[in-house]
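Close look at the chain arrangement
Chain residues, written in single-letter form:
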Amino acid sequence: MQGDVFIIDSVIHMHDMQDDNIVGDEGRQTANNLHRLSALFSSPQFPLRKSFMGEAMDMAEAYKLLFADAATDMAVAQAVPLLGWWKRGFAPAEAQYRLKEAYPDRVLFCGGVDPIYQGLEGALEEMERQVEEWGSVGFKFYQAHRKGLSWRADDRRLAYPLYERCLELGVTNVQFHKGAPFGTEHVEDLQPNDIQDAAADFPELTFVIHHFGIPYVQETINIAHRFPNVWLALSAWINMYPIAPKECEHMLGKALMFVGADRLMYGSEAFIWPNLQGYIDLFMEFEMPEELQEGYGYPNPTMADKELIMGMNAARLFGVDVERKKRELSVTAPKPDVVGPQ
């Protein structure tokens, strides 16, 4: 924690790229695609985790990277229920829960189901189980699968029962991977447009769109601008920033301008890149270039904005009492300071 800046990493995954979890040749190709995409976002300062394509992340190593080597206070372990290419999912729900179970004072669990591979009734039952047995604080959905197999967020027969079950279970946020295809799924099935009717029909829910919907950035920001219950996660954005700062400045500038700092959340995409402290430092040091402020009207994020994005928004979304949590964590070992303005 930097001064009073409470940091919640809202997007981490206990990935499972082990051979016995990958489904056939197409699954292997998809895993290779994902590895190449991740390599594009890598640099000497932000290298790929060496064992990303092999062994699963060890619990103690995950804790070290998040809470000993970085200034993270809490993290949200999110399931990735891509069951067509990975038998247990790219980030299996059980693996995310195990991290939460190991470190319940610091880790929240966000579940995941898929109504195509599990069937609607199976997905609904699994949602209930993940909430009642594992304490899920939300659900992450991946709608596009191999060769055009997909479902829409505004499908009244398939998607709306998922949202209704969330509300019955007391879960008030649903999260969506948009853009960024990995394999043979159709890129058009990853557009954010189907969030619009769903957000309008379920105002009690918060719909979180990840990755700025890249390449559908304009559409994503336009939707979030018009629907107050649509939030954006900075997952992938922070990972792109070191290698494509100008493009990322425009993305963040538009989001700050049209959506506002109170609906943006920091997420590191750990543990693909292990230098999590570096990402925290980058964001805390971030200043919108003057030419973009003057030429495009982008606001320069204040320290108050950064406090919201780095943790307070996630705390509000997931029901974390920050002052109480600060007191609880005050007995833990000190963490490195975050570089940035005070």
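Everything that follows concerns the structure shown earlier in this document.
What follows covers the sheet that holds strand S2 (residues 74-78). Taking strand neighbours across the sheet as the criterion, the three strands line up as S1-S2-S3 in an open arrangement whose pairing is parallel. At either end of the open sheet lies a strand with only one pairing partner, and these are strand S1 (8-12) and strand S3 (107-110). Across the sheet, the mean angle from the axis of one strand to that of its neighbour is 20°, orientation sign disregarded. Relative to S3, S2 runs parallel, the two sharing four bridges. Bridging across to S3, Val76 finds its partner in Leu108. In the packing of helix H2 (residues 59-68) onto the sheet, the strands contacted are S1, S2 and S3, and the crossing angle to S2 comes to about 135°. Sheet contacts for helix H12 (residues 303-318): S1, S2 and S3; angle to S1, the most-contacted strand, approximately 75°.

Tallied over the full model, the rule gives 23 aromatic pairs. Here Phe109 and Trp134 contribute two aromatic rings whose centre-to-centre distance is 5.7 Å and whose plane-to-plane angle is 80°, an arrangement assigned as edge-to-face. Residue Phe109 is found in strand S3, and its partner Trp134 is found in helix H4 (residues 120-134); the two are separated by 25 residues along the sequence. For the pair Phe109 and Trp134, a shared accessibility class is recorded, and that class is buried. Clustering of aromatic rings is evident, with ring pairs tying together Phe141, Trp151, Tyr160, Tyr163, Phe176, Phe202 and Phe207. Positioned over the ring face of Phe67 is Arg106, at 4.9 Å from the centre of the ring. For Arg129, the ring lying beneath its charged end belongs to Trp134, and the centroid distance is 4.1 Å.

Definitions and limits used
Residue numbers restart at each chain and count upward from 1, following the sequence in its written direction. Local features in this predicted model are restricted to residues whose pLDDT is 70 or higher, and side-chain atom pairs enter the listing and the counts only when it is 80 or higher, whereas totals over whole chains, interfaces and linings include all residues. The side-chain values count all of the structure's non-hydrogen atoms but skip hydrogen atoms and water molecules. Following DSSP output, two strands are said to pair if at least two bridges run between them. Helix and strand definitions follow DSSP, with helices as H or I runs of at least four residues and strands as E runs of at least two, each counted in order from the N terminus. Between N-to-C directions, angles cover 0 to 180 degrees, with each direction set by a line fitted to C-alpha atoms, over the stretch in contact for helices. By definition in these notes, contact holds between two residues if any of their heavy atoms fall within 4.5 Å. Between rings of Phe, Tyr and Trp, where Trp is taken as its six-membered ring, a pair exists when centres lie within 6.5 Å; planes separated by under 30 degrees are stacked, by over 60 edge-to-face, and by other angles tilted. Burial classes: relative accessible area under 20% of the type maximum marks a residue as buried, over 50% as exposed, and values in between as partly exposed (1.4 Å probe, protein chains only). Charge-over-ring contacts are defined here by two conditions on Lys NZ or Arg CZ: a distance within 6 Å of the ring centre and an angle within 35 degrees of the ring normal.

Function cannot be inferred from these measures alone, as they are strictly geometric.
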